[in-house]
Structure formats: structure tokens, C-alpha cells
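# A closer look at the structure
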Amino acid sequence: MTDRYAVIGNPVAHSLSPRIHAAFAQQTGEDIEYGAILAPVDGFAAAVGTFRSHGGCGLNVTVPFKLDAFALATTLTDRAESAGAVNTLKFDGASALGDNTDGAGLVADITIRLGLPLAAKRILLMGAGGAARGVVLPLLEQKPALLAIANRTVEKAIALAARWKSRGNVRGGGYGDFADERFDVIINATSASLSGDVPPLSKRACASATLAYDMVYGERATPFLATAKSFGVCRGADGLGMLIAQAAESFLIWRGVRPDTGPVIATLSA
Ligand code: ATR
């Protein structure tokens, strides 16, 4: 019988995950079926229960259910614990393994696809919400010279940095605290673009060789990348590569095979 997987979210109709996983299945020859489940905002556990009772093997979890998935998991990986959120569930009998592949996806996209090693680099992470929390530890594991976390609500950035200070050189503060420092990589992990805003990027933080990386993708990524470009940054990337790389990590967890993301990124960005 074909193994069943799905992405669960609200909304979910826009999700690229079914196309991505169909491409992975074709590429690797794995016999899987991958759908999309729209769950009511207060009906995550019930929707997961129904999926499991019909033989569902695993789920990708998107907005707004990553904390519900964290609570539902019977076992958590270290990276899910550190993110405080789950984006991948794998079911085995009564057990539900909760993992978080977002950080690994971001790191793989930057270091492998974009070919930029993060070791000894100076990284500015803009934002201290759920998206930022999911990537701090995987970024620190790359041994950057500095991971600066800047946020509008300064205390959140300071608390996030304090939590991980034993794992590397990490500092938290307001945007102004880092405005005069140069960075090799600047990552937008805020949700500012959802309201048409750009987080306060400093021109002095940017050099032509800086990589500006927006964790969102598509049109919404453009205002941040356009601002970076206007400050002289020559390299920019949106979060499509991260989306596909985190999906590849999920596929690996479920199927034991890591798909090649390159062809899928090429197809979807075309
Ligand atoms: P999520 O968990 O979905 O990432 P969140 O926890 O609300 O959502 O975090 C959103 C992030 O985007 C936060 O860092 C938020 O800054 P605050 O913590 O100060 O709210 C940031 N953000 C949202 N809108 C922003 C804006 N217009 N300018 C700058 N930062 C913004």
C-alpha cells in the first residue's frame, strides 16, 4: 500500500509542499502519496487523529500549528526542543516523533546551494519570533564568528541570545545596537513583510559581498531584498531554497533517502 503523507495548516491551499514532495518521490522512486489538510484552527489534534486512523505515516506542519505539533509529539528531537516548535511529524504505531527541519534547511540552502560556508562569518539575524527561534542553534552549530540577533522588541532578542550563549558567540539587541557593524550574512526572520514593512536594515551593515537572505519567498521577499540591493548588496536569496531544503530533510526522516534539491528549486523558481 502506498504510504501517505501530507502538509497540515490553515490556510494550506497555497502550500508548495505537495509539489515539492511529488517531485522528490519521482526523483527517488519512493512510492508515496502526499496531500494537503486544511484543519480548523482549534482542530489540529482531531485532524491528525483522523489522518493517522487512515494510515497516515507523517506530516509537515505549517502555520499556525507548529506549537500544537510540539505538544502532540510523544518524542522530540534536540532541534525541535531547541526551536520550541515542530514542523515534521513521523508516526509509528502510537508514537509520534516531532522534529524541526527549518534550521537545517536554512543552513543547507546557504552553505550547499549558495556555496557560502558560515564558519567564522558575521551573521545578523533580524527578528526573534518563532521563525528566528527555529534557526538559532543550527546557525551557531556552523561556528560563526558572531550571531547578532536584532529585534524590534529588544528584550526578546536579548533573551534568545542569552538562552544560547553557551553554544557560541551570540549577542542580542535592538536594530540600532548593530547598525554600525558590518555583516557577511543578513537574514530576515521577521514577519514584517506580511504587513508590507521592511525591518530596519542599516546601510552600514551591508557590503557588496554580504548575502541578504529573506526567509519568506516570492513577492513578499522583494521589499527586504530590494532595500539590501539599494544599500549595495550584490547577493540576495529568498526562502524558496530553504523551503525546499527543509522539505528534503523531512523526506529523509520519513524515507531514509535525501533528495537532490537543485532540480526542484530550478523547476519551482521557473
Ligand atoms: P512568528 O512566530 O510567526 O515568527 P512572531 O513570534 O510574532 O511570529 O514573530 C514575528 C517577528 O517579526 C518578531 O521578531 C517581530 O518583532 P517583535 O518581536 O518586536 O514583534 C517581527 N516583526 C513583525 N512585524 C515587524 C515590523 N513591522 N518591523 C520589524 N519587525 C517586525
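Up top is the structure.
Quick look at the structure, then. All values derive from a computational prediction rather than experimental measurement.

Turning our attention to the packing of aromatic side chains. This model, assessed by the stated rule, comprises 4 aromatic pairs. Ring centres of F24 and F251 lie 5.6 Å apart, and the angle between their planes is 75°; on these two criteria the pair is classed as edge-to-face. Note that F24 is positioned in helix α1 (residues 17–28) and F251 in helix α10 (residues 240–255), a separation of 227 residues in sequence. With relative accessibility at 0%, the residue F24 sits in the buried group. Overall, F251 belongs to the buried group, its relative accessible area being 0%. Ring centres of Y34 and W254 lie 6.3 Å apart, and the angle between their planes is 45°; this geometry places the pair in the tilted category. In this pair, Y34 sits in strand β2 (residues 32–38) while W254 sits in helix α10, placing the two residues 220 residues apart along the sequence. Taken as a pair, Y34 and W254 share a single burial class, namely buried. Ring pairing ties together the aromatic residues Y5, Y34 and W254, which thus form one cluster. Above the plane of the ring of F183 lies R122, whose end atom (NZ or CZ) is 5.1 Å from the centre.

Near the ligand there are 13 residues, and of these G130, N151, R152, T153 and K156 occur at the shortest range. One of the side-chain nitrogen or oxygen atoms of N151 is found 2.6 Å away from an oxygen atom of the ligand. For the ligand, whose unbound accessible area comes to 640 Å², protein coverage reaches 70%. Judged by its atoms lying within 2 Å of the grid points, the ligand is housed in the largest pocket. Broken down by class, the residue content of the shell around the ligand amounts to 3 nonpolar, 7 polar and 3 charged.

Calculation criteria
Residues numbered from 1 in each chain as written. Predicted model: local features only at pLDDT ≥ 70, side-chain atom pairs only at ≥ 80, totals over all residues. Heavy atoms only, no water. Phe/Tyr/Trp six-rings, centres within 6.5 Å; stacked < 30°, edge-to-face > 60°. Helix = DSSP H or I, 4+ residues; strand = E, 2+ residues; numbered from the N terminus. Buried < 20%, exposed > 50% of the residue type's maximum accessible area, 1.4 Å probe, protein only. Lys NZ or Arg CZ within 6 Å of the ring centre and 35° of its normal. Near = heavy atom within 4 Å. Polar contact = N/O pair within 3.5 Å; in protein donor to acceptor, adjacent residues only side chain to side chain. Areas by Shrake-Rupley, 256 points an atom, 1.4 Å probe, with all protein chains shown as cover. 1 Å grid on protein atoms, 1.4 Å probe; cavity = no way out; pocket = protein on both sides within 12 Å on 5 of 7 lines; lining within 4 Å. Sits in = over half its atoms within 2 Å of the grid points. Nonpolar A, V, L, I, M, F, W, Y, C, P; charged D, E, K, R; others polar.

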